[in-house]
2 protein chains.
Amino acid sequence: MARKAGSHAEITGPAIRDAALRLFARSGFAAVSMREIAAEVGVRAGALYLYTPDKQSLLFDLMHDHMQSLLAAWREVRVDGGAPFERLETFVRFHIRYHFDRNDHVFLAYMEFRSLTGDNHGAIRDLRRAYEAELETILSDGQASGDFDLPDVRVTALALIAKLNGVLTWYRDGGRLARDDIERVYWTMTQRMVTA
Amino acid sequence: MARKAGSHAEITGPAIRDAALRLFARSGFAAVSMREIAAEVGVRAGALYLYTPDKQSLLFDLMHDHMQSLLAAWREVRVDGGAPFERLETFVRFHIRYHFDRNDHVFLAYMEFRSLTGDNHGAIRDLRRAYEAELETILSDGQASGDFDLPDVRVTALALIAKLNGVLTWYRDGGRLARDDIERVYWTMTQRMVTA
DNA sequence: GTCTATATCCAGATAGAC
DNA sequence: GTCTATCTGGATATAGAC
């Protein structure tokens, strides 16, 4: 991938983000050096600073863009008027599918939250809470309408997110179960969790 | 905590492990320096090497001892002959309680798995799988006896572990719910997950 | 058992040539 | 836009004095 001097702004910028995402997700933010990222892209370390002011910003931008995309994508598919069960099914299937396609993004947002410094921490925390609130609203609406029977809305929301995120730690393409199967299994488990 | 020169092997050894555990859990293995650990203990960085050959061993020993203790503690409380529901309840309550008391240990074992190098990785993976297998055995026994109705035993086991581990990310002493309440909520959710 | 001092290396980030 | 070269600081780990 080594590349000679020249102008490649259109490809270098995204390539840096791709490489950083992959390496951060695999080894952890603190364990990856700017030189490693640069080597992966095929440039020298100094060249990275044309695209990011520093390493922390690189992490933050990756996480921030991911969270914004996640929320935007969810707001595209959600249906506010439906029955609680349908809204919940939509959420669960959306969440699982999104994670299949953006495994590294989600993994990074989950694992490197504590690597954020200063205001970055609060900014991502707020976006995360906004996403969790989407689920929590569905659950409390269903609880209020009597469709769901939950021992505790907040804990159920957190447990559900944790359960769904668990897919991240073991799913690999070409494994025993197809994506549709996994989606179905998780929806079945979720249905049971919210009813007595 | 600064301490003058002298012999303190009995306290320094454990103090190093305590400090390393706390710092690794808070900031991540790669982000913590040997100097930080030493400062926390009240010695200089060089003194750490009387107690560990290197930083990686410090991490591995913490994780290894934790996993061994976890398995040993579980084998103390488990009852092989009981009904699947009782065995599952024992596991869920044990797991949650153990996590309350050893939050940092469990968090570290979970988050820093990827920081293990060489054979250390496989050794901890095996211990983790042995623990997961304990749950999986309960689930498949219950499935075989007809007590449980599971869409997929393996996925249910992983989802259950992920759900329970989720407590780690939000539980704090003195929060809205007491430990007993949390235990009860998680057992309620678990019961539902394994029955139609 | 701990300290001071240091060897060795690599980190993040910048300056100026091309 | 990228390179080479470099500054500066801090990392792990070791050696030898006390």
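What counts as what
Residues numbered from 1 in each chain as written. Chains lettered and ligands numbered in written order. Predicted model: local features only at pLDDT ≥ 70, side-chain atom pairs only at ≥ 80, totals over all residues. Domains from an automatic or database assignment. Contact = placed C-beta atoms within 7 Å. Nonpolar A, V, L, I, M, F, W, Y, C, P; charged D, E, K, R; others polar. Least-squares fit on C-alpha atoms with pLDDT ≥ 70 in both. Helix = DSSP H or I, 4+ residues; strand = E, 2+ residues; numbered from the N terminus. Near = placed C-beta within 6 Å.

## What to know about the domain arrangement of chain A
Residues and elements named next belong to chain A.
Alright, step 1. The domains assigned to chain A are domain 1 (1–52) and domain 2 (56–193).
Alright, step 2. Taking only C-alpha atoms, the centre of domain 1 and the centre of domain 2 are 29 Å apart.
Alright, step 3. Taken together, the nine residues of domain 1 in the interface contact 10 residues of domain 2.
Alright, step 4. Considered class by class, the residues forming the side of domain 1 that touches domain 2 number six nonpolar, one polar and two charged.

## Quick notes on the relation of the copies chain B and chain A
Alright, step 1. Superposing chain B onto chain A takes a rotation of 180° combined with a translation of 0.0 Å along the rotation axis, leaving an RMSD of 0.0 Å. What the superposition gives is, in effect, a two-fold axis relating one chain to the other. Of the C-alpha atoms belonging to chain B, the one lying closest to the rotation axis is found on B:Lys163, 2.2 Å away.
Alright, step 2. When the interface residues of chain B are mapped onto chain A, 100% of them again fall at the interface, so both copies present the same face.

## Side note on the interface of chain B and chain A
Alright, step 1. Taken together, the contact between chain B and chain A spans 24 residues of the former and 24 residues of the latter.
Alright, step 2. When residues of the side of chain B that touches chain A are traced back to their parent elements, those giving at least two are α7 (153–165) and α9 (179–193) of chain B.
Alright, step 3. The biggest single contributor to the side of chain B that touches chain A is α7(B), with seven residues.
Alright, step 4. In terms of residue class, the side of chain B that touches chain A is built from 13 nonpolar, seven polar and four charged.

## Quick look at the environment of A:Leu127
All names here are of chain A.
Alright, step 1. Locating Leu127 in the fold gives a position in helix α7 (residues 119–145).
Alright, step 2. Sequence spacing of Leu127 and Asp180 is 53 residues, and the spatial spacing of their C-alpha atoms is 28 Å.
Alright, step 3. Other than its neighbours up to four places away in sequence, Leu127 contacts Met67 and Leu71.

## Brief notes about the protein's contact with DNA strand D
Alright, step 1. Neighbouring residues of DNA strand D: 20 residues in total, closest A:Ala9, A:Val43, A:Gly46, B:Gly46 and B:Asp54.
Alright, step 2. Of all the elements in the fold, those that place two or more residues in the surface near DNA strand D are α1 (9–27) and α3 (45–48) of chain A together with α2 (34–41) of chain B.
Alright, step 3. Tallied by class, the residues present in the surface near DNA strand D amount to eight nonpolar, seven polar and five charged.

## A look at the protein's contact with DNA strand C
Alright, step 1. Near DNA strand C there are 20 residues, and of these A:Ser33, A:Gly46, A:Asp54, B:Ala9 and B:Gly46 occur at the shortest range.
Alright, step 2. Only α2 (34–41) and α3 of chain A together with α1 (9–27) of chain B provide two or more residues apiece to the surface near DNA strand C.
Alright, step 3. Grouping the amino acids of the surface near DNA strand C by side-chain chemistry returns eight nonpolar, seven polar and five charged.

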